[in-house]
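# Report on the structure
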Amino acid sequence: MMAATFHKPATVDDAVRVLTDAGEGGRPISGGATLVAMMNAKLVEPDVLVSLSAIAELKDFGRAPDGTVRIGAMRRHRETAFESDLAGGQAVVAKAASQIANPPVRNMGTIGGSISFADPAADYPPALVAADATIEIAGPDGRRFVPAEEFFLGWYETAVEPGEIVTAVLLPPAPDRAVGHYEKLCRVAGDFALASVALVLALDGAGTVTHLRLAVGGCGGGPVRCPEAEALVVGAVPSAERIAALAERLVEDLDPVDDSRGSAEYRLQIVPRLIAKAFEEALTEMEPAR
Amino acid sequence: MTTKTQDVTVTVNGAARTLACAGTTTLLTVLRDDLLLTGAKRGCNQGVCGACTVLIDGRPMRSCLTLAANLDGAEVTTVEGLAPRGELTRVQESLLKQNAVQCGFCTSGMVMVAHDLLQRSPDPDVEEVRDALSGNLCRCSGYRALVDAVIDAATGGAA
């Protein structure tokens, strides 16, 4: 493997400066779980590595007075999975984190690294869309904010431009009494999803859906959300028939491929079942409060 | 910090070591090639198989996915450092007792994750053990004996 220059800046501004100067051959490195695997496979051969490990602000987790949660880009999957402050609708992100790979990889991998790689079968992308997250990105011109729905552009492609790094994920407060659930199907423990469903759901006292955001992973270049399908359930009691109608409409928007994990056709068949299961789990979780 | 090699000070199995690392050198390479600690194995080199697992600051992680240059000040424990020379940990004793070692390639990684589990959860149930070992592949497929051995280690042979 070729030698690379290694930098370990202490601030985001310094990291952006080094990355910008490095141009094409520069890569930021957070947990290493993705980038080093690609380097070992010689898919990426960076000239300049910019470690984000010494930047304190990237490791922070906090909640603003308005309920918005800020997850620093260097937060490990283990930390997010066990984050007790991610409750209600925001818990969908913790639940997704808890299903990433296996314990040693969750000790290493970071939310910023995972979403920057943007594997379409990864666990965070649909969860962040369901949670209506915003991605904070730092670049030469300062910080900018991109909604999760506009962040994942396609197969391994994100809104991050050269010289930029993801600095945080922001989760808005979910509606009162909302529940978040993440339902994943994989062939063996710790694998990427064949398909997954993330949802944030809230009902009023009469059992009518007041809030729903649902996104599917593993069935296209990025997470798929279909507001038109959600509208079939919002404002109504979430009956099995309505949920099936939602699933039928959403499946029209999916664009899965055949791969070693399963065929596209199989994915289209299991997604409605995963959606039904996700609703069932979310409604069960709500029961004591209803 | 802009040279092609970094001087990195890492505590390995209790001893401070200063190493000159290229930016892309992984901890696994340093352990095996420089420090001749060959307990951690290079299986897939992709973080999938778990054979290279070591403890970094007390947590099991993949040494094949860890850049040595990023570890300045860290504490690394390999399978060689879990017990004093000539002695075995409870997990290792149980693996022997339960014949849970076949070809042996996965063993050191399994020992590391099992050791970590019992540190955090001294009395795990079978599901917890399976979850803890889920990131470590045994191509002999000797999982049943491995899970039994970890339970045995936890209960001191009472189960």
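Residues numbered from 1 in each chain as written. Chains lettered and ligands numbered in written order. Predicted model: local features only at pLDDT ≥ 70, side-chain atom pairs only at ≥ 80, totals over all residues. Heavy atoms only, no water.

All names here are of chain B. All told, the structure shown has 1 cavity of 30 Å³ or more when counted by the stated rule. Of the voids in this model, the largest cavity is the one considered here, and its volume is about 50 Å³. Forming the boundary of the largest cavity are Asn99, Ala100, Gln102, Cys103, Gly104, Cys106, Cys138, Cys140, Gly142, Ala145 and Leu146. (1 Å grid on protein atoms, 1.4 Å probe; cavity = no way out; pocket = protein on both sides within 12 Å on 5 of 7 lines; lining within 4 Å. Points joined across faces, edges and corners; volume = space filled by probe spheres on them.)

With that settled, the discussion passes to the sheet that holds strand E7 (residues 142–147) of chain A. Residue and element names in this part refer to chain A. Spatially, the 5 strands line up as an open sheet ordered E4-E5-E10-E6-E7, and their pairing is antiparallel. For this open sheet the edge positions go to strand E4 (61–63) and E7, each flanked by a neighbour on one side alone. Here the average twist between neighbouring strands, direction ignored, is 20 degrees. Lying over the sheet, helix H1 (residues 12–22) contacts strand E6 (134–139), E7 and strand E10 (165–171), oriented at roughly 135 degrees with respect to E10. (Pairing = 2+ DSSP bridges. Helix = DSSP H or I, 4+ residues; strand = E, 2+ residues; numbered from the N terminus. Axes fitted to C-alpha atoms, helices over the stretch in contact; angles between N-to-C directions. Contact = heavy atoms within 4.5 Å.)

Right, let's get into the interface of chain B and chain A. Facing 28 residues of chain B, the contacting portion of chain A comprises 30 residues. It is B:Thr24, B:Leu65 and B:Asn70 in chain B that bury the most area against chain A; as a group they hold 27% of the surface buried on that side. Our count for the contact surface shared by chain B and chain A stands at 0 salt bridges. Secondary-structure elements contributing two or more residues to the side of chain B that touches chain A are strand E4 (59–62) and helix H4 (126–133) of chain B. When grouped by side-chain class, the residues that make up the side of chain B that touches chain A number 9 nonpolar, 14 polar and 5 charged. (Buried area = accessible area lost by both parts, 1.4 Å probe. Salt bridge = Lys/Arg side-chain N within 4 Å of Asp/Glu carboxyl O. Nonpolar A, V, L, I, M, F, W, Y, C, P; charged D, E, K, R; others polar.)

Let us look at unusual backbone geometry. Residue and element names in this part refer to chain B. Phi at leucine 36 takes a positive value of approximately 55 degrees, unusual for a residue other than glycine. Take leucine 36: it is sitting in the loop between helix H1 (27–34) and strand E3 (53–56). Relative accessible area serves as the criterion here: at 64%, leucine 36 is assigned to the exposed category. For asparagine 45, which is not glycine, the phi dihedral falls at a positive 60 degrees. (Buried < 20%, exposed > 50% of the residue type's maximum accessible area, 1.4 Å probe, protein only.)

Residue and element names in this part refer to chain B. Close contact between helix H2 (residues 90–97) and helix H5 (residues 143–155) brings their axes to 8 Å; oriented N to C, the two are set at 130 degrees. On the basis of the axis angle, H2 is oblique to H5. Read as a crossing pair, H2 and H5 show a hand that is right-handed. Along its contact with H2, which presents Arg90, Val91, Ser94, Leu95 and Lys97, the element H5 presents Leu146, Ala149, Asp152, Ala153 and Ala154. Residue classes in the contact of H2 with H5 are distributed as 6 nonpolar, 1 polar and 3 charged. (Parallel < 35°, antiparallel > 145°, perpendicular 65-115°, else oblique. Left-handed = near helix turned anticlockwise from the far one by under 90°.)

A packed helix pair is summarised by two numbers, namely the angle formed by the two axes and the spacing between the axes. All names here are of chain B. Orientation of helix H3 (residues 107–120) relative to H5, taken along the N-to-C sense of each, is 35 degrees, at an axis distance of 11 Å. Seen along the crossing, H3 lies across H5 with a hand that is right-handed. Between H3 and H5, the residues in contact are Met110, Ala114, Leu117 and Leu118 and Tyr143, Leu146, Val150, Ala153 and Ala154, respectively. Of the residues that constitute the contact of H3 with H5, the class distribution is 9 nonpolar, no polar and no charged.

Look at any regular strand and the pattern is simple: side chains alternate between the two faces of the sheet. One ladder, built from 4 bridges, connects strand E2 (residues 26–29) of chain A with strand E3 (residues 48–51) of chain A; its direction is parallel. Looking at the pairing, A:Gly26 lines up with A:Val48 of E3(A).

Turning to H2(B), a few remarks are in order. Residues and elements named next belong to chain B. By the burial criterion, the buried members of H2 are Val91, Gln92, Ser94 and Leu95. With its buried residues spanning 165 degrees around the axis, H2 presents them on a single face. Opposite its buried face, H2 presents the exposed residues Leu96 and Lys97, each directed more than 90 degrees away. Lining the buried residues of H2 we find H3 and H5. Where H2 terminates, the next one or two residues include asparagine 99, which has phi positive at roughly 50 degrees. (Arc of directions from axis to C-beta.)

Once that is clear, we can look at the pattern of salt bridges. This model, assessed by the stated rule, comprises 26 salt bridges over all chains. Between A:Asp259 and A:Arg267 there is a salt bridge whose closest N-O contact spans 3.1 Å. Look at A:Arg267 and you get buried, because its relative accessible area is 2%. Of the charged contacts in the structure, one is a salt bridge between B:Arg130 and B:Glu127, with a shortest N-O distance of 3.9 Å. Remark: B:Glu127 and B:Arg130 occur in helix H4; sequence separation between them is 3 residues, near one turn of the helix.

Another point: the sheet that holds strand E2 (residues 15–22) of chain B. Residues and elements named next belong to chain B. Reading across the sheet, the 5 strands line up as E2-E1-E5-E3-E4 and stay open at both edges, with mixed pairing between neighbours. This sheet does not close on itself; its edge strands, each paired only once, are E2 and E4. Across the sheet, the mean angle from the axis of one strand to that of its neighbour is 45 degrees, orientation sign disregarded. Sheet topology note: the E3/E4 ladder contains 4 bridges and is antiparallel. Its bridge partner lying in E4, threonine 53 is registered against arginine 62.

Here we take up the domain arrangement of chain A. All names here are of chain A. You can read the domains of chain A as domain 1 (5–51), domain 2 (59–171) and domain 3 (179–289). Taking the mean C-alpha position of each, domain 1 and domain 2 sit 19 Å from one another. Contacts between the two partners involve 11 residues from domain 1 and, on the opposite side, 16 residues from domain 2. The junction of domain 1 with domain 2 conceals about 980 Å² of combined surface from both sides, 77% of it contributed by carbon and sulfur atoms. In terms of surface lost to domain 2, no three residues of domain 1 exceed Val12, Val16 and Ser30, which account for 41% of the buried area on that side. At the boundary of domain 1 with domain 2, the tally comes to 0 salt bridges. For the pair domain 1 and domain 2, the interface holds 1 residue pair in polar contact (both at pLDDT 80 or more). (Domains from an automatic or database assignment. Polar contact = N/O pair within 3.5 Å; in protein donor to acceptor, adjacent residues only side chain to side chain.)

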